[in-house]
Amino acid sequence: MAPYSLKRTVQLYRTLMAQLEAQINKLTQRRRQAELRAYVVVDSDLEAEQSPYHTEANSLLLASIEKQLEITKIKVDRVTEVLCILQEFSKDSQQPPPTQLSYDSFEEWVTRNKVLQSLNESLYEIEELKYALLKRRKILKDHFVSKIPSKEALVQNIGSLLSKLDNAASYVPQSTLSRYLDNLLLPHEEGSTIESQQVSSYVEECHQVTDSLQSPDDNHGKVVGVHPQRYHEVVEILSNFILQKEIETQQDESLTQEEVFLAIERAIMPQIKQKVIKSIESPVEDQWLYQQCIRYADITLDQLSVAKRLQSDELVPFAQAIACLQSSFFATNPTTKVLSVLSAAKALYICLQQMGQATNLDADSFLDIWIYVVIKAGLQDLVTVLAFMSEYSNPQLCYNEIEAGDVAAKNRISLC
């Protein structure tokens, strides 16, 4: 290693040391806040009923903070040790330091360190306990709080609704973040992370469990394998674990829930997809629906009673929407399939907007045109694909831009 490289390495390690010390200060402050919350007095009956859950949640939070402090302090000790060695090497510019002391080797050291692996496994177990507690708390809350009644009046302007899907339909993960997440979730030569170990463990579970155990009514109500509830449980716990680490380590680019979900989906779904499809496929219904699409392949907008003002004068009406919908066939994972469907809905709305007909477009008229687009797309295995998307895609991604409580709007989007 050249003297300049040595100097640069020392600078990088000093910057890392400052970041780790900032993390310790932040974690120490969070621990103090959690300790104070343990003495909060509850007022209402609901809060009193939930008090044991708040106490347990706070205890889990404290345990998590303690583990994170241990991890950070071990990293500080390693950086301190490396800096001392590098300072000795800097006195003799003729003698290059060992390659294992380079800055790029630090993450490899972290991955291979047995103590850090054990602490990360404990952190993941705490995240599992937090998820289980959250589910119990939700059941209790639903018992005390009545559900908000849905709106009686249907939303008439579907244009404003579709315009809110712009962020979801055009979402593309950043390549830098994608690589960062793939390194976390996929095994590589440098060693397995706790995240990649959890992915491998779940994939192994899916392939080992028998089909009879994948029903929610079997195994004493505990779902396992590729059952959607189990899949989302694994994804949510792993997602929360990654995001919590992101908050504490203060990465340069903040991750979002959507990016993490897509990365986990990329890591897991290709390895279990055949088993997933086998568990949800509806070959009879798929064949029947496909035959109907073939039967009505030459249907026109007039035959669907679409108003003349809403009929495109393109050579192939609404060709862009049809093409976007057909692209869902090539999408491998459920969430990317949903994004293809949303992009088709968006393309249809844009076309109507360009025709000057997007204003005051009612839901029934939009649905008639959407049926036309679906028939013309001629998708195969449509029932199975719809089940695949609805059961395994990110449940938040489609609704992030939709107003909470708008049940009628959500029902229309579910037609996608």
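Keep in mind the model is a prediction, meaning the values are calculated, not measured.

### Brief notes about the overall build of the protein
Inference 1: Tallying secondary structure elements over the protein gives 16 helices and 0 strands in all.
Inference 2: Across the 416 residues that make up the protein, the buried fraction comes to 42%.
Inference 3: Long-range pairs, those at least 24 residues apart, make up 80% of the contacts in the protein with a sequence separation of at least 6.
Inference 4: Accessible surface, the protein: about 23,300 Å² in total, of which carbon and sulfur atoms supply 52%.

### Some words on unusual backbone geometry
Inference 1: Despite not being glycine, Phe-318 shows a phi value in the positive range, around 55°.
Inference 2: Classification of Phe-318 as buried rests on a relative accessible area of 1%.
Inference 3: A positive phi angle, near 50°, is found at Asp-381, a position not held by glycine.
Inference 4: If you trace the backbone, Asp-381 turns up in the loop between helix H14 (363–377) and helix H15 (382–392).
Inference 5: Residue Asp-381 is classed as partly exposed on the basis of its relative accessible area of 43%.

### Things to note about the nonpolar core
Inference 1: Residues Leu-185, Ile-242 and Ile-272 are the most contacted members of the largest nonpolar core, which totals 57 residues.
Inference 2: Looking at which element gives the most residues to this core, the answer is helix H10 (residues 257–280), with 10 residues.
Inference 3: The residues touching Leu-185, leaving out its near neighbours within four places in the chain, are Glu-195, Ser-196, Val-199, Leu-238, Ile-242, Ala-263, Ile-264 and Ala-267.
Inference 4: Listed in part, the 30 residues of the second largest apolar core include Ile-299, Leu-301, Ile-322 and Leu-352.

### Describing the packing of helix H8 (residues 194–208) against H10
Inference 1: Packing of H8 against H10 brings their axes to within 10 Å, and their N-to-C directions diverge by 0°. Comparing the axis directions of H8 and H10 gives the class roughly parallel. Contacts between H8 and H10 involve Val-199, Tyr-202, Val-203, Cys-206 and His-207 on the former and, on the latter, Ala-267, Ile-268, Gln-271, Ile-272 and Lys-275.
Inference 2: Class assignment of the residues belonging to the contact of H8 with H10 gives a composition of 7 nonpolar, 2 polar and 1 charged.

### Looking at the pattern of salt bridges
Inference 1: The full count for this structure, using the stated rule, is 8 salt bridges.
Inference 2: Glu-81 serves as the salt-bridge partner of Arg-78, at 3.8 Å between the closest nitrogen and oxygen. Of this pair, Arg-78 and Glu-81 both sit in helix H2 (residues 45–90), 3 residues apart, roughly one helical turn.
Inference 3: One network of salt bridges, with partners in common, ties together Glu-205, Arg-230 and Glu-233.

### Describing the confidence of the model for the protein
Inference 1: Counting all residues, the mean pLDDT for the protein is 77, and 74% of those residues have values of 70 or more.
Inference 2: Counting interchain partners and residues more than four positions distant, the pLDDT-below-50 stretch residues 41–46 has 5 contacts.
Inference 3: Long-range and interchain partners of residues 140–161, a stretch whose pLDDT sits below 50, account for 30 contacts in this model, where long-range means more than four residues apart.

### What about helix H13 (residues 334–354)?
Inference 1: The terminal C-alpha atoms of H13, which comprises 21 residues, lie 30 Å apart, in line with the 30 Å expected from a rise of 1.5 Å per residue.
Inference 2: In terms of residue burial, H13 counts as a mostly covered element, since 16 of its 21 residues are buried.
Inference 3: Remark: Gly-356 follows H13 within two positions and exhibits a positive phi of approximately 75°.

### Some points on the environment of Val-226
Inference 1: Assignment of secondary structure puts Val-226 in the loop between H8 and helix H9 (228–249).
Inference 2: Here the alpha-carbon distance between Val-226 and Val-209, two residues 17 residues apart in the chain, equals 8.8 Å.

### Let's talk about the packing of H13 against H15
Inference 1: The contact between H13 and H15 brings their axes to 8 Å, and the two run at 110°. With respect to their mutual orientation, H13 and H15 come out roughly perpendicular. Between H13, through Pro-334, Lys-337, Val-338 and Val-341, and H15, the contact on the second element is made entirely by Val-385, Phe-388, Met-389 and Tyr-392.
Inference 2: Of the residues belonging to the contact of H13 with H15, the class tally is 7 nonpolar, no polar and 1 charged.

### Here's the deal with the packing of aromatic side chains
Inference 1: Tallying each qualifying case throughout the model produces 8 aromatic pairs.
Inference 2: Summarising the aromatic geometry, the rings of Phe-366 and Trp-370 are spaced 6.4 Å apart at their centres and angled 10° between planes, so their arrangement reads as stacked. Of this pair, Phe-366 and Trp-370 are both found in helix H14, 4 residues apart, which corresponds to roughly one turn of the helix. For the pair Phe-366 and Trp-370, one class covers both residues: buried.
Inference 3: Clustering of aromatic rings is evident, with ring pairs tying together Tyr-13, Tyr-103, Phe-106 and Trp-109.

### Observations regarding the environment of Ile-369
Inference 1: For Ile-369, the location among the structural elements is in helix H14.
Inference 2: We classify Ile-369 as buried; its relative accessible area is 0%.
Inference 3: Distance from Ile-369 to Leu-310, taken between C-alpha atoms, is 8.4 Å for residues 59 residues apart in sequence.
Inference 4: Residues in contact with Ile-369, not counting those within four places in the same chain, are Val-306, Leu-310, Phe-318, Leu-348 and Leu-352.

### Observations regarding the side chain of His-227
Inference 1: Following the sequence through the fold, His-227 ends up in the loop between H8 and H9.
Inference 2: Accessibility expressed as a relative area gives 11% for His-227, which makes it buried.
Inference 3: Side-chain polar atoms of His-227 contact the backbone nitrogen of Gln-229, separated by 3.1 Å.

### Focus on H14
Helical geometry note: an α-helix holds 3.6 residues per turn, so side chains three or four residues apart project in the same direction.
Inference 1: For H14, which comprises 15 residues, the first-to-last C-alpha distance of 21 Å matches the rise-based estimate of 21 Å (1.5 Å per residue) to within 8%.
Inference 2: Listed in full, the buried residues belonging to H14 are Ala-363, Ser-365, Phe-366, Ile-369, Trp-370, Tyr-372, Val-373, Ile-375 and Ala-377.
Inference 3: Once H14 finishes, Gly-378 follows within two positions and takes phi at roughly 60°, a positive value.

About the criteria used
Residues numbered from 1 in each chain as written. Predicted model: local features only at pLDDT ≥ 70, side-chain atom pairs only at ≥ 80, totals over all residues. Heavy atoms only, no water. Helix = DSSP H or I, 4+ residues; strand = E, 2+ residues; numbered from the N terminus. Buried < 20%, exposed > 50% of the residue type's maximum accessible area, 1.4 Å probe, protein only. Contact = heavy atoms within 4.5 Å. Areas by Shrake-Rupley, 256 points an atom, 1.4 Å probe, with all protein chains shown as cover. Core = buried A, V, L, I, M, F, W, Y, C linked by side-chain atoms within 4.5 Å. Axes fitted to C-alpha atoms, helices over the stretch in contact; angles between N-to-C directions. Parallel < 35°, antiparallel > 145°, perpendicular 65-115°, else oblique. Nonpolar A, V, L, I, M, F, W, Y, C, P; charged D, E, K, R; others polar. Salt bridge = Lys/Arg side-chain N within 4 Å of Asp/Glu carboxyl O. pLDDT = per-residue confidence, 0-100. Expected span 1.5 Å × (residues − 1). Phe/Tyr/Trp six-rings, centres within 6.5 Å; stacked < 30°, edge-to-face > 60°. Polar contact = N/O pair within 3.5 Å; in protein donor to acceptor, adjacent residues only side chain to side chain.

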